[in-house]
Amino acid sequence: MERAVAGRLSAIERISTELIATAELTVQTQGEGFTDITREAASFVEQSGGRDGHLFVYLRHTSASLIIQENADPDVQTDLTTALRLFAPADGPWIHTVEGPDDMPAHIKGMLTGVSLHIPVRAGVLALGTWQGLYLVEHRSKPHRREIVLQFVGSKRA
Amino acid sequence: MERAVAGRLSAIERISTELIATAELTVQTQGEGFTDITREAASFVEQSGGRDGHLFVYLRHTSASLIIQENADPDVQTDLTTALRLFAPADGPWIHTVEGPDDMPAHIKGMLTGVSLHIPVRAGVLALGTWQGLYLVEHRSKPHRREIVLQFVGSKRA
Amino acid sequence: MERAVAGRLSAIERISTELIATAELTVQTQGEGFTDITREAASFVEQSGGRDGHLFVYLRHTSASLIIQENADPDVQTDLTTALRLFAPADGPWIHTVEGPDDMPAHIKGMLTGVSLHIPVRAGVLALGTWQGLYLVEHRSKPHRREIVLQFVGSKRA
């Protein structure tokens, strides 16, 4: 089946891969909800000496997750939390209840939203969209200490 | 707990990382629904001069997303759109309504499906499965201009 | 809007990118449910000669997916399967029914959970959290043979 060209491609830039920079980011959450870690991720890239490439973000937990979403209106985060509660209600037909009524819903929310993502880096800056922020989303009711692995892969600044 | 071996691993190929190639793909959507960008992504890899490695795809928006799904029967895309509407109905209990009844559902759909993914590249070709296509999925009702960052990381063709 | 620092960043380690190692992992599933492929992924990294970097995992199918989730209590996997069935019931309003009542739900589950993810590698070992396992999740009712592309990108062991 023929189809029309879907998009327009810009010129391609080519560089060499030179650097992998790695650090861990520890975040103390305040219970269920969104923690903005965009500034920390940008600071890591700045400190890493990286120029062009990717930031890889990985969360080492199964009842929290990483989400890139709107950073403007806090109501969006409230609604996203509402949506996640509707997907995985505390009173759902779950059999894994030994860790409390918020635990299995947290795993389901984690499964739906994921623990690994990447963001392109251009000229040492995260190439996020205007309205995009990077969030650690806590799905458990109580505060938790969460560990994130940050890695930059790409070229070095001169 | 002992468990059986789950899978069979092939021989491992080893090469050097040499190249990061970057471009932006601009896509004009026609409102809610799927736009196939597989050909554009493959063309980028071809033009990049890359041989083996990965294509990283990143969408710079919060009310659209990237999905790898079946490319054969268009009914699948219809049903995936139906499913996303069921997950995030326009008349859900959302408080972020200032941008219209399709906006908050679009953010929820974006959260569930994500804005960053990668596809392996072997010998300059996307290693997609037989039935896999790469789609930009518009979640807003009206057409939008969407920006995607494409990056190849890997080895160069001779 | 000012906000508090969200997290604490560790020291940054810097290395060179040197190696891309690639292999395919073939997995025979037993029908709907989770297959733990953590050991196979770790074995690949070990055999690859990689030291620090990332493991990229890619599934070449549209009715199965890759999930990082809890590896301790098998009840969690039962509940995750229950949740996926609630999201995409066999008797939903789907029009793509030609491949059987389990096919369209499988595509929806695949869309929600995804086919591409990465795991950081530190000193040749997957930097998974204590309770994290890597799973191939089969969404079809019958057993299937599934192909996964594994790629390590990073530095070499001395």
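All values derive from a computational prediction rather than experimental measurement.

Participant: Looking at this structure, how should I read the interface of chain B and chain A?
Facilitator: The parts lose accessible area when they come together, and the size of an interface is often stated as this lost area. At the junction of the two partners, chain B supplies 49 residues and chain A supplies 49 residues. Both faces combined, the contact of chain B with chain A buries some 4,000 Å², and carbon together with sulfur accounts for 58% of it. When residues of chain B are sorted by the area they lose upon contact with chain A, B:Ile20, B:Tyr58 and B:Met111 head the list and together hold 18% of the total. Joining chain B to chain A, the criterion identifies one salt bridge. Between B:Glu24 and A:Arg122 there is a salt bridge, with its nearest N and O atoms 3.7 Å apart. Applying the counting rule to chain B against chain A returns 15 residue pairs in polar contact (both at pLDDT 80 or more).

Participant: Help me understand the relation of the copies chain B and chain A in this model?
Facilitator: Superposition of the two copies of the chain requires a rotation about an axis and a shift along the axis. Its rotation angle being 120°, the transformation that places chain B on chain A also includes 0.0 Å of axial translation and leaves an RMSD of 0.0 Å. The symmetry that links the two subunits is that of a three-fold axis. An asymmetric contact is evident, with only 12% of the interface residues of chain B recurring at the interface of chain A.

Participant: Could you clarify how one ought to interpret the interface of chain C and chain A in this entry?
Facilitator: Listed per partner, the contact involves 49 residues of chain C and 48 residues of chain A. Summing both sides of the interface, chain C and chain A together bury roughly 4,000 Å²; the carbon and sulfur share of this comes to 58%. At the junction of chain C with chain A, the criterion picks out one salt bridge. Of all elements in the fold, only β1 (7-9), β2 (13-15), β5 (50-59), β6 (64-70), α2 (74-87), α3 (103-113), β7 (116-122) and β10 (145-156) of chain C reach the threshold of two or more residues within the side of chain C that touches chain A. If you tally residues by element for the side of chain C that touches chain A, the top one is α2(C), at ten residues. Looking at the side of chain C that touches chain A residue by residue, the class counts come to 24 nonpolar, 15 polar and ten charged. Bridge count between strand β3 (residues 19-28) of chain A and β1(C): three bridges; the pairing is antiparallel. Its bridge partner being in β1(C), A:Thr26 is matched across the sheet by C:Arg8.

Participant: Mind showing me how you'd approach the side chain of A:His61 here?
Facilitator: Following the sequence through the fold, A:His61 ends up in the loop between β5 (50-59) and β6 (64-70). Relative accessible area serves as the criterion here: at 16%, A:His61 is assigned to the buried category. Polar contacts involving the side chain of A:His61 include one to the main-chain amide nitrogen of A:Glu147, which spans 2.8 Å. In contact with A:His61, not counting residues within four places along its chain, are A:Val115, A:Arg145, A:Arg146, A:Glu147 and C:Gln132.

Participant: What's the story with the packing of aromatic side chains in this structure? I'm lost.
Facilitator: The relation between two aromatic rings is expressed through the spacing of the ring centres and the mutual angle of the planes. Evaluated as defined, the whole model comprises nine aromatic pairs over all chains. Between the aromatic rings of A:Phe87 and B:Phe87, the centroid separation amounts to 6.1 Å while the plane-to-plane angle is 90°, which identifies the pairing as edge-to-face. Note that A:Phe87 is positioned in helix α2 (residues 74-87) and B:Phe87 in helix α2 (residues 74-87), a pairing that runs across two chains. Like A:Phe87, the residue B:Phe87 is buried in the burial classification. An aromatic cluster is built from A:Phe56, B:Phe56 and C:Phe56, whose rings are joined through pairwise contacts.

Participant: Looking at this model, I keep getting lost on the nonpolar core. Mind explaining?
Facilitator: Burial of nonpolar side chains together is a common tendency in soluble globular proteins. One finds A:Ile148, B:Ile148 and C:Ile148 to be the most contacted residues of the largest nonpolar core, which totals 88 residues. Leave out the neighbours within four places in its chain, and B:Ile148 touches B:Ala23, B:Glu24, B:Leu25, B:Val27, B:Ile37, B:Val57, B:Tyr58, B:Leu59, B:Leu66 and B:Leu136. Among the nonpolar cores identified, the runner-up in size contains 45 residues, and A:Leu112, B:Leu80, C:Met104 and C:Leu112 belong to it.

Participant: Quick question: what am I supposed to make of the relation of the copies chain C and chain A here?
Facilitator: Overlaying chain C with chain A gives an RMSD of 0.0 Å, the required rotation being 120° about an axis along which the chain moves by 0.0 Å. Residue by residue, only 12% of the interface of chain C is reproduced at the interface of chain A, so the copies engage with different surfaces.

Participant: Teacher, can you tell me more about the side chain of C:Thr113 here?
Facilitator: Along the polypeptide, C:Thr113 turns up in helix α3. Of note is the side chain of C:Thr113, whose polar atom sits 2.5 Å from the side chain of C:Ser65. From its side chain, C:Thr113 meets the backbone oxygen of C:Lys109 in a polar contact 2.6 Å long. When residues no more than four places from it in sequence are discounted, the contact partners of C:Thr113 are A:Met111, C:Ser65, C:Leu66, C:Ile67, C:Leu84 and C:His139.

Participant: In this structure, what is going on with the sheet that holds strand β9 (residues 132-138) of chain B? I would like to understand it.
Facilitator: The strands making up a sheet associate through backbone hydrogen bonding, with each pair oriented either parallel or antiparallel. Residues and elements named next belong to chain B. Spatial ordering of the open sheet is given by β4-β9-β6, a layout of three strands whose pairing is antiparallel. Each edge of the open sheet is held by one strand with a lone partner, namely β4 (33-36) and β6 (64-70). Averaged over all adjacent pairs, the angle separating strand axes in this sheet is 40°, with direction ignored. Of the strands in this sheet, β4, β6 and β9 touch α2, which is tilted by about 135° from β6.

Participant: Would you take a moment to explain the environment of A:Ala106 for this structure?
Facilitator: Residues and elements named next belong to chain A. Positionally, Ala 106 belongs in helix α3 (residues 103-113). Taking relative accessible area as the criterion, Ala 106 reaches 0% and is therefore assigned buried. Ala 106 sits 15 residues away from Asp 91 along the chain, and the two C-alpha atoms are 12 Å apart. If sequence neighbours within four positions are ignored, Ala 106 has contacts with Thr 62, Ser 63, His 139 and Arg 140.

Participant: What's the story with the sheet that holds β6(C) in this structure? I'm lost.
Facilitator: Residue and element names in this part refer to chain C. Read from one edge of the open sheet, three strands run β4-β9-β6, paired in antiparallel fashion. The strands lining the two open edges of the sheet, one partner per strand, are β4 (33-36) and β6. The sheet shows a mean angle of 40° between the axes of neighbouring strands, direction not considered. Strand direction decides the pairing type here: β4 and strand β9 (residues 132-138), joined by four bridges, are antiparallel. Along β9, the bridge assignment pairs Asp 36 with Tyr 135.

About the criteria used
- Residues numbered from 1 in each chain as written.
- Chains lettered and ligands numbered in written order.
- Predicted model: local features only at pLDDT ≥ 70, side-chain atom pairs only at ≥ 80, totals over all residues.
- Heavy atoms only, no water.
- Contact = heavy atoms within 4.5 Å.
- Buried area = accessible area lost by both parts, 1.4 Å probe.
- Salt bridge = Lys/Arg side-chain N within 4 Å of Asp/Glu carboxyl O.
- Polar contact = N/O pair within 3.5 Å; in protein donor to acceptor, adjacent residues only side chain to side chain.
- Least-squares fit on C-alpha atoms with pLDDT ≥ 70 in both.
- Helix = DSSP H or I, 4+ residues; strand = E, 2+ residues; numbered from the N terminus.
- Nonpolar A, V, L, I, M, F, W, Y, C, P; charged D, E, K, R; others polar.
- Pairing = 2+ DSSP bridges.
- Buried < 20%, exposed > 50% of the residue type's maximum accessible area, 1.4 Å probe, protein only.
- Phe/Tyr/Trp six-rings, centres within 6.5 Å; stacked < 30°, edge-to-face > 60°.
- Core = buried A, V, L, I, M, F, W, Y, C linked by side-chain atoms within 4.5 Å.
- Axes fitted to C-alpha atoms, helices over the stretch in contact; angles between N-to-C directions.

By themselves, these are just geometric observations and shouldn't be taken as functional.
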